[in-house]
Amino acid sequence: MINLGNFIAMPLSFKMKLIIITSILLIIGQLTFAQSNERWIAFYNEEADLIGFKNAKGEIMIEPNFMGFTIAKTFDNIIAVMEENNGKYDSYYLTKSGKKVGYDKLHIIDNGADCEREGFIRFRDSKTDKVGMFDTNGNIAIPAVYNELSKTYNGMIWALLGAEKKYWDDHKESGCNHYSWKDGQKLLLSTDNKVLVDNFEYENHIDYFSFRLTKEPSTESTEISFKGKNEMYYTFTDIEKSFDNWLKNNFLNEPTKDKLVNFSMDSLTYWKGSWITESKEQFIEQNFDLIINKLNVTLNTNSDSFVTINGLNPFIYTGDIYANYFNTCGESIEEKHPVLAVIINNRTASDLKQDHFEFLKTENGYRFLSFSISSEK
């Protein structure tokens, strides 16, 4: 660091050179930072069988070399890739700086590799069958000692430790590789591998983005609290209970057409031999009574209905309006924007038909999304 007195005593020409050099270094630092945080977009080669990445200007940053497990549509910090190498196939994680880590350690779910979430990506050690996490620089943030890890949710991770894998068939060589975990410790971790809650077990779905740290457990009917290692309580919203409360006390409470329009997505989708989308105003104007009459059945505690939680369907809900509800691999961000489906059973002596009403959790709360009924027009 240059002393201010020494700087004042310097000749003018030397001062100017020093200022210019300092300015150049600052500009280079800013350009490097901007470049490293720039999102790259995936593109295919002419044969549409290999993937590369371009920057926002359309400049090729990585030539099309990747295949198979390379499912990232955009490159933020770290992605799973697969490429051919002398007749063999290498799979690994690649960072923006070109660092390659986790060879043959991709975390595969439903025939797809894991995707970066909040700056972290999971890997599985093929020798131990244990799961860990890399950070954006390809460094191990969480060592591979866990049976399972969730994606990162609001800086927190659900973990399973010390469980036993039980295959559904007699043994894994019988053609069925489906399995369940038996026993084990269910934990809530931070991204630096610290245990926040050492008994993190709950049957319903939790909204991690509603997290509050409280001195006492919550008494709210729509919340659940877990005592942490720090003797504080990690309090979250129960998604099912929260949605049930909203449906009954908001959506179905003294309903009007204007109210339903306000609680709906801009466009509503319904099934009529295929999925059809139209404006919410038009749809609700034509189907208001049908919607309310069907859903009012759920107000009866003995109704034959239930709620399921899924992610947004990427094949039905496309376009910019839904872009924020999917991650860089095109997967639904289900933990932050779940779709809650109210399913009403219509039973007869010989048949079972169902009505489906779907609601998407948006930044502005739950919104009516789609509608499918078993009969009537």
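A. Layout of unusual backbone geometry. Of note, Asn86 is a non-glycine position whose phi angle comes to about 55 degrees, a positive value. Structurally, the position occupied by Asn86 is in the loop between strand 5 (78–85) and strand 6 (88–95). The exposed category is assigned to Asn86, whose relative accessible area is 76%.

B. Local environment of helix 5 (residues 280–296). End to end, helix 5 covers just 20 Å across 17 residues, shorter than the expected 24 Å (1.5 Å per residue, more than 12% under). For helix 5, the complete set of buried residues consists of Lys280, Phe283, Ile284, Asn287, Phe288, Leu290, Ile291, Ile292, Lys294 and Leu295.

C. Broad picture of the layout of surface pockets. Roughly 960 Å³ of internal volume is contained in the largest pocket. At the level of elements, strand 9 (112–113) and strand 19 (206–214) are the ones that each hand at least two residues to the lining of the largest pocket. Partitioned by chemical class, the residues of the lining of the largest pocket number 13 nonpolar, six polar and 11 charged.

D. How the structure looks around helix 3 (residues 239–251). Within helix 3, burial applies to Ile239, Glu240, Ser242, Phe243, Trp246, Leu247 and Phe251. Relative to the axis of helix 3, the buried residues are bounded by an arc of 165 degrees and lie together on one face. For helix 3, the N-terminal capping position is held by Asp238, with its side-chain oxygen 3.0 Å away from the main-chain nitrogen of Glu240.

E. Just the sheet that holds strand 10 (residues 120–125), in detail. One open sheet accounts for three strands, arranged 10-11-12; its pairing is antiparallel. Edge strands, defined here as strands with exactly one partner in the open sheet, are strand 10 and strand 12 (140–146). Taken pair by pair, the neighbouring strands of this sheet meet at an average axis angle of 20 degrees, ignoring direction. Pairing of strand 10 with strand 11 (residues 130–135), which is carried by six bridges, proceeds in the antiparallel orientation. Residue Arg124 lies in a different strand from strand 11, and its bridge partner there is Val131.

Parameters and conventions
- Residues numbered from 1 in each chain as written.
- Predicted model: local features only at pLDDT ≥ 70, side-chain atom pairs only at ≥ 80, totals over all residues.
- Heavy atoms only, no water.
- Helix = DSSP H or I, 4+ residues; strand = E, 2+ residues; numbered from the N terminus.
- Buried < 20%, exposed > 50% of the residue type's maximum accessible area, 1.4 Å probe, protein only.
- Expected span 1.5 Å × (residues − 1).
- 1 Å grid on protein atoms, 1.4 Å probe; cavity = no way out; pocket = protein on both sides within 12 Å on 5 of 7 lines; lining within 4 Å.
- Points joined across faces, edges and corners; volume = space filled by probe spheres on them.
- Nonpolar A, V, L, I, M, F, W, Y, C, P; charged D, E, K, R; others polar.
- Arc of directions from axis to C-beta.
- Polar contact = N/O pair within 3.5 Å; in protein donor to acceptor, adjacent residues only side chain to side chain.
- Pairing = 2+ DSSP bridges.
- Axes fitted to C-alpha atoms, helices over the stretch in contact; angles between N-to-C directions.

Keep in mind these numbers describe shape, not what the thing actually does.
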